[in-house]
Amino acid sequence: MPVPRSQWISLGLAFGGHTPPIEVPSNPAPRAPFAGSASAGEDGEERAFMRAAGYMPFVPFPGRSMPWESTCATCGEYRQPTFEQVETGTRCDHAGPLP
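Residues numbered from 1 in each chain as written. Predicted model: local features only at pLDDT ≥ 70, side-chain atom pairs only at ≥ 80, totals over all residues. Heavy atoms only, no water.

1. Some points on the nonpolar core
Note on soluble globular proteins: their nonpolar side chains tend to be buried together.
Piece 1. Membership of the largest hydrophobic core is limited to 8 residues, which are Met50, Ala53, Tyr55, Trp68, Cys72, Phe83, Val86 and Cys92.
Piece 2. The residues touching Phe83, leaving out its near neighbours within four places in the chain, are Glu46, Phe49, Met50, Phe61, Gly63, Arg64, Met66 and Trp68. (Core = buried A, V, L, I, M, F, W, Y, C linked by side-chain atoms within 4.5 Å. Buried < 20%, exposed > 50% of the residue type's maximum accessible area, 1.4 Å probe, protein only. Contact = heavy atoms within 4.5 Å.)

Structure (structure tokens):
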């Protein structure tokens, strides 16, 4: 049976199949904090600032405006704040802004 020209049909349906759904985890498994060498100057100042703000980064410093994979030191939840957000007072929901 021909399909009218003005109607679109997916290639999966045209060949009698479908694309399987992709499952994306909502919260990745916790990882250990990054054990980078702060003494080597890799990201020591930024890491110290994040720790003081209550975040435990577990990857190297990605840059000021990129999400930095971390866990909250208090509640243990997975978080991805940027360094800039933390500088302006963003904290984990349970903690609220800095005084």
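2. Concerning the sheet that holds strand E1 (residues 55–57)
Hydrogen bonds between backbone atoms are what pair the strands of a sheet, whose relative direction is either parallel or antiparallel.
Piece 1. If you trace the 3 strands from one edge of the open sheet to the other, you get E1-E2-E3, paired in antiparallel fashion. This sheet does not close on itself; its edge strands, each paired only once, are E1 and strand E3 (78–79).
Piece 2. Bridge count between E1 and strand E2 (residues 70–72): 3 bridges; the pairing is antiparallel. Across the sheet, Tyr55 pairs through a bridge with Cys72, a residue of E2.
Piece 3. Along the sheet, helix H2 (residues 44–52) makes contact with E1 and E2, crossing E1 at roughly 145°. (Pairing = 2+ DSSP bridges. Helix = DSSP H or I, 4+ residues; strand = E, 2+ residues; numbered from the N terminus. Axes fitted to C-alpha atoms, helices over the stretch in contact; angles between N-to-C directions.)

3. As for the side chain of Thr82
Piece 1. Mapped onto the elements of the fold, Thr82 is located in the loop between E3 and helix H3 (83–87).
Piece 2. Ignoring sequence-local partners within four residues, the contact set of Thr82 consists of Arg64, Ser65, Met66 and Pro67.

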